[in-house]
Amino acid sequence: DGTSLEGLEQFSFAWLLFVFHENTNEHKIDGKRTYKSKIKPPGMLGEKTGVLATRTPHRPSRIGLSLVKIVKVEPEKSRLTVS
């Protein structure tokens with residue numbers, strides 16, 4: 001039911017919470033989860049940068065947050081279009 005979308009057309013932006021479902025960078029050492037804090041993303045010519053400064057799904061937390069522009073709100077179809 002799209003009633004939770006009602007009134008959203010009054011806004012131009014929204015916060016989008018999501019899960020990085022392909023997070024494969026979770027390692028366990030002595031029962032504790034660890035992650036690599038610096039990585040070599042493609043296009044950086046082998047240079048390392050902090051994992052949170054990249055778009056990689058391999059992060060210390062699977063939770064993601066993005067600010068998105070609201071393009072169209074269709075509560076009757078339970079549909080929200082963002083960019």
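Scroll up for the structure.
In this report, we go over the structure that sits alongside the text. (Residues numbered from 1 in each chain as written. Predicted model: local features only at pLDDT ≥ 70, side-chain atom pairs only at ≥ 80, totals over all residues. Heavy atoms only, no water.)

On to the nonpolar core, then. Core analysis: the largest hydrophobic core is formed by five residues, namely Leu5, Ala14, Val68, Ile70 and Val73. With three residues, strand β6 (residues 63-74) is the largest single contributor of residues to this core. Those residues in contact with Val68, other than ones at most four positions away along the chain, are Ser12, Phe13, Ala14, Leu16, Val82 and Ser83. (Core = buried A, V, L, I, M, F, W, Y, C linked by side-chain atoms within 4.5 Å. Buried < 20%, exposed > 50% of the residue type's maximum accessible area, 1.4 Å probe, protein only. Helix = DSSP H or I, 4+ residues; strand = E, 2+ residues; numbered from the N terminus. Contact = heavy atoms within 4.5 Å.)

A separate point is the pattern of salt bridges. Summed over all chains, the structure comprises two salt bridges. Across the pair Arg79 and Glu74 runs a salt bridge, and its minimum N-O distance is 3.9 Å. Salt bridges sharing partners connect three or more residues here, namely Glu74, Lys77 and Arg79. (Salt bridge = Lys/Arg side-chain N within 4 Å of Asp/Glu carboxyl O.)

On to unusual backbone geometry, then. Here the phi dihedral of Leu45 falls at roughly 55°; this positive angle occurs in a residue that is not glycine. Note that Leu45 resides in the loop between β4 (38-39) and β5 (49-50). The residue Ser78 is not glycine, and still its phi comes out positive at about 55°. Within the fold, Ser78 resides in the loop between β6 and β7 (79-82). Overall, Ser78 belongs to the partly exposed group, its relative accessible area being 42%.

The strand order β1-β6-β7 describes an open sheet built from three strands, whose pairing is antiparallel. Looking at strand neighbours, the two that pair on one side only are β1 (13-19) and β7, the edges of this open sheet. Direction aside, the axes of adjacent strands within the sheet are offset by 60° on average. Inspection of the sheet shows β1 paired to β6 by seven bridges, in the antiparallel sense. Paired with Trp15 across the two strands is Leu67, which belongs to β6. (Pairing = 2+ DSSP bridges. Axes fitted to C-alpha atoms, helices over the stretch in contact; angles between N-to-C directions.)

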